[in-house]
Amino acid sequence: MLLFSSPFSVDPDDAPPQLQLELIELQCDDEWRSKHQQLSLVEFYRQLDKVRFPEMRTFAKKMLSLFSSTYLCEQTFSVMNLNKNRLRSKLSDSHLLFGFLINLKLNVLNLSLLTVKSQKHTYALVLMKRSDNLEKSGSKIGQVNRQLRRSYDVNFKMMVINEAESSNNCKAAVKYGVTECNVRRWRAQKDHLKNAHSQRKAFRGPQSGRFQELDRRVCAYVDEKRKDGMPISRAVIQLKAVEIAKELNIPTADFKASLGWCKRMMRRNGLTLRRRTSLAQRLPSDFGEKLLSFQRYVINLRKKHSYPLDQIGNADQTSVFFDMPTPVTVHKKACLADGTKLPPYVVLKRKTVPKEAMPAGIIVRAQEKGWMETELVVDWLKVVWGRRRGGLRKKRNMLILDAFRGHLSDPVKKQVKAMNGDLVIIPGGMTSQLQVLDVVVNKPFKDNLRKKYTEWLLSGDHALTPTGEIQKPSVRLLCEWILHAWDAVSPKSIIHGFKKCCISNALDGSEDDVLWEEPAEPEDGSEDSDTDHSEAEDVCEE
């Protein structure tokens, strides 16, 4: 309903998948935003470009037909309420039938007055147009239903204003069935209405927050950081607000810097979120066949070799980007079916590895372009996969990788075979369903990493470059963030992920129910709901 009535205020992630791309394009078009404010919903969707927005037009047609049929049905049944008065016992079936037929045939008219003469049992039905004034009845009963007070949204008010400007106030009032004083008042509020939400009906509530000084200082902080080109997310605003609240001696019980407060503060001060968008992976047309083929292959290998859970692993490389240039480009993670997490393997976009000492538990390499090429994959097999528990004894193992070309090269296959392993490749386009790290690990990992980066930005103690810009964090500090984020990933979620991807399920079928369970909320790093898209969010002025 909200998507139909107010497409410019809906989060694209909440829209149906087939509408998301068109909705993003529509929200980025200022011309269509202006038309949405000026035109009625029906006229707006009628003028919508057929080539650019075919799915949105189809969606609007369905919703409009739904509204029409529902409205007529409710309008028809509302006639039956006329018998709910003290004279209802004197109404016959024929009276109800006539009222029913009148309502069906004359939808443009309103049944506005019902007078009853109790002695003669006669009924006077006075049909009037909506724009006409109600007349008073001279009967003893008097007028049954009076004209109700109505509220109008910004869309309707702008239509009246445009009509009044093209003709005059009186004609606009008659055409839209409103009073002339309303037209004059709305014309005086025109500038204010242009900047208001299209579905808003009134301007009530406080224009400033409870803690005005805190709002002012938070906005000043946002302006300062945005001028320096630094990213500001809602999480940054909340953390800064807590810090300022302590300086102003505001009790914690009175102010918690909640997400709701952050949204209201941004709305009061004209701040909005700007989000980078990208195309999500689309499943191939034959994904069902590929899924079954992969599962059969994995099950056959498990029956043949009876791998222990600590010898079944999945590895994946993840690009790590921050809003300022950093040396980190690729981070390869690996985990085992028993929940064990192998040391992270970081590739820096540079020619040589830094000389500074790195924290224990992480392996750092360098590559000029920051690519995970074949040589680095072989090196990872030797220094990470080969050193897992049971690796030195060359226990039979199974390693699951995606279809990245660096995983399919002959040196990689030879190295896996030399380590007494079986290499299983996930079919192209199926990583969102079969890659354990994509299913349960990458999101909480990146959320925790982003949280560390946000805390570092807020610390304020940064070295500056000769041009006055903030220096990028050191490689050692970045490695510490990676280790912290990796440690925060729950082993329990990894075990569940292997079962969810049908890799470590019991061969007797007793654990197959896991395949159909809804994905649970991650236990780590997910307490702040506004960090779901933290890597793509940025606050800017409207």
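Residues numbered from 1 in each chain as written. Predicted model: local features only at pLDDT ≥ 70, side-chain atom pairs only at ≥ 80, totals over all residues. Heavy atoms only, no water.

## Notes on the overall build of the protein chain
Right, on to step 1. If you tally the helices and strands in the protein chain, you get 20 helices and ten strands.
Right, on to step 2. Counting only contacts in the protein chain whose residues sit at least 6 apart along the sequence, the fraction spanning at least 24 positions is 63%.
Right, on to step 3. In the structure as shown, the protein chain presents an accessible area of about 31,100 Å², 52% of it carried by carbon and sulfur atoms. (Helix = DSSP H or I, 4+ residues; strand = E, 2+ residues; numbered from the N terminus. Contact = heavy atoms within 4.5 Å. Areas by Shrake-Rupley, 256 points an atom, 1.4 Å probe, with all protein chains shown as cover.)

## Some points on the pattern of salt bridges
Right, on to step 1. All chains considered together, the criterion is met by 17 salt bridges.
Right, on to step 2. Linking Glu243 and Lys240 is a salt bridge whose minimum nitrogen-to-oxygen distance equals 3.4 Å. Of this pair, Glu243 and Lys240 both sit in helix 12 (residues 234–247), three residues apart, which is roughly one turn of that helix.
Right, on to step 3. The exposure class of Glu243 is partly exposed, given its relative accessible area of 32%.
Right, on to step 4. One salt bridge connects Lys443 with Asp447, and the closest N-O pair in it is separated by 2.7 Å. Here Lys443 pairs with Asp447, and both are found in helix 18 (residues 436–459), just four residues apart, close to one helical turn.
Right, on to step 5. Overall, Lys443 belongs to the partly exposed group, its relative accessible area being 36%.
Right, on to step 6. A relative accessible area of 8% means that Asp447 is categorised as buried.
Right, on to step 7. Ionic contacts of the salt-bridge type, sharing partners, join the residues Glu25, Asp29 and Arg52 into one network. (Salt bridge = Lys/Arg side-chain N within 4 Å of Asp/Glu carboxyl O. Buried < 20%, exposed > 50% of the residue type's maximum accessible area, 1.4 Å probe, protein only.)

## A short note on the packing of aromatic side chains
Right, on to step 1. Applying the stated criterion across every chain, the model contains 15 aromatic pairs.
Right, on to step 2. A centroid spacing of 5.0 Å and a plane angle of 90 degrees characterise the contact between Phe255 and Trp261, whose relative ring orientation is edge-to-face.
Right, on to step 3. Relative accessible area serves as the criterion here: at 9%, Phe255 is assigned to the buried category.
Right, on to step 4. Between the aromatic rings of Trp456 and Trp481, the centroid separation amounts to 6.1 Å while the plane-to-plane angle is 65 degrees, which identifies the pairing as edge-to-face. Pair noted here: Trp456 is in helix 18 and Trp481 is in helix 19 (residues 475–487), with a separation of 25 residues, a long-range link.
Right, on to step 5. Each residue in the set Phe8, Trp32, Phe44, Tyr45 and Phe53 is aromatic and connected to the rest through ring pairs, giving one cluster.
Right, on to step 6. Sitting above the plane of the Trp32 ring, Lys35 keeps its charged end 4.5 Å from the centroid. (Phe/Tyr/Trp six-rings, centres within 6.5 Å; stacked < 30°, edge-to-face > 60°. Lys NZ or Arg CZ within 6 Å of the ring centre and 35° of its normal.)

## Side note on helix 11 (residues 212–227)
Right, on to step 1. For helix 11, built from 16 residues, the straight-helix expectation of 22 Å at 1.5 Å per residue is met to within 8% by its first-to-last C-alpha distance of 23 Å.
Right, on to step 2. Within helix 11, burial applies to Leu214, Asp215, Val218, Cys219, Tyr221, Val222 and Lys225. Looking straight down helix 11, one finds its buried side chains confined to an arc of 155 degrees; they lie on one side. Exposed residues pointing more than 90 degrees away from the buried face of helix 11 are listed as Gln212 and Lys227. (Expected span 1.5 Å × (residues − 1). Arc of directions from axis to C-beta.)

## So, the environment of Ser233
Right, on to step 1. Following the sequence through the fold, Ser233 ends up in the loop between helix 11 and helix 12.
Right, on to step 2. Take Ser233: its relative accessible area is 4%, and that puts it in the buried class.

## Regarding the pairing of strand 6 (residues 345–349)
Right, on to step 1. For strand 6, a buried count of four out of five residues is recorded, marking the element as mostly surrounded by other parts of the structure.
Right, on to step 2. One ladder, built from five bridges, connects strand 6 with strand 7 (residues 363–367); its direction is parallel. Looking across to strand 7, one finds that Tyr345 is bridged to Ile363. (Pairing = 2+ DSSP bridges.)

## Some words on the nonpolar core
Right, on to step 1. Formed by 41 residues in total, the largest nonpolar core has its most connected members in Phe294, Met398, Phe498 and Ile503.
Right, on to step 2. The element best represented in this core is helix 18, accounting for nine residues.
Right, on to step 3. In contact with Phe498, not counting residues within four places along its chain, are Ile312, Gly313, Asn314, Cys335, Leu336, Ala337, Val436, Ile503, Ser504 and Asn505.
Right, on to step 4. With 22 residues, the next largest nonpolar core counts Leu376, Trp380, Val383 and Met419 among its residues. (Core = buried A, V, L, I, M, F, W, Y, C linked by side-chain atoms within 4.5 Å.)

## Focus: unusual backbone geometry
Right, on to step 1. Backbone geometry places Asn249, a non-glycine residue, at a positive phi of 60 degrees.
Right, on to step 2. Here Asn249 lies in the loop between helix 12 and helix 13 (259–268).
Right, on to step 3. Even without glycine at this site, Lys394 takes up a positive phi of about 55 degrees.
Right, on to step 4. Residue position: Lys394 is located in the loop between helix 15 (374–383) and strand 8 (397–401).

## Regarding the packing of helix 18 against helix 19
Right, on to step 1. In the contact formed by helix 18 and helix 19, the axes pass within 8 Å of each other and the chain directions differ by 135 degrees. Accordingly, the angle class assigned to the pair helix 18 and helix 19 is oblique. Remark: the crossing between helix 18 and helix 19 carries right-handed chirality. Only Leu477, Trp481, Ile482, His484, Ala485 and Trp486 of helix 19 make contact with helix 18, whose side of the interface consists of Leu437, Val441, Phe445, Asn448, Leu449, Lys452, Tyr453 and Trp456.
Right, on to step 2. For the contact of helix 18 with helix 19, the residue count by class is eleven nonpolar, two polar and one charged. (Axes fitted to C-alpha atoms, helices over the stretch in contact; angles between N-to-C directions. Parallel < 35°, antiparallel > 145°, perpendicular 65-115°, else oblique. Left-handed = near helix turned anticlockwise from the far one by under 90°. Nonpolar A, V, L, I, M, F, W, Y, C, P; charged D, E, K, R; others polar.)

## Comments concerning the pairing of strand 8
Right, on to step 1. Within strand 8, five of the five residues are buried, which leaves the element mostly enclosed by the surrounding structure.
Right, on to step 2. Residues Asn397, Leu399 and Leu401 of strand 8 are buried on one face, and the alternating residues Met398 and Ile400, pointing to the opposite face, are buried as well.
Right, on to step 3. As paired strands, strand 4 (residues 312–319) and strand 8 are joined by three bridges and run parallel to one another. Within strand 8, the residue paired with Asn314 across the bridge is Ile400.
Right, on to step 4. Relative to strand 9 (residues 421–425), strand 8 runs parallel, the two sharing five bridges. Across the sheet, the residue bridging to Leu401 is Ile425, located in strand 9.
Right, on to step 5. A crossover links strand 8 with its parallel partner strand 9, the connecting element being helix 16 (residues 410–418), and its sense is right-handed. (Right-handed = clockwise from strand over helix to strand, strands pointing away.)

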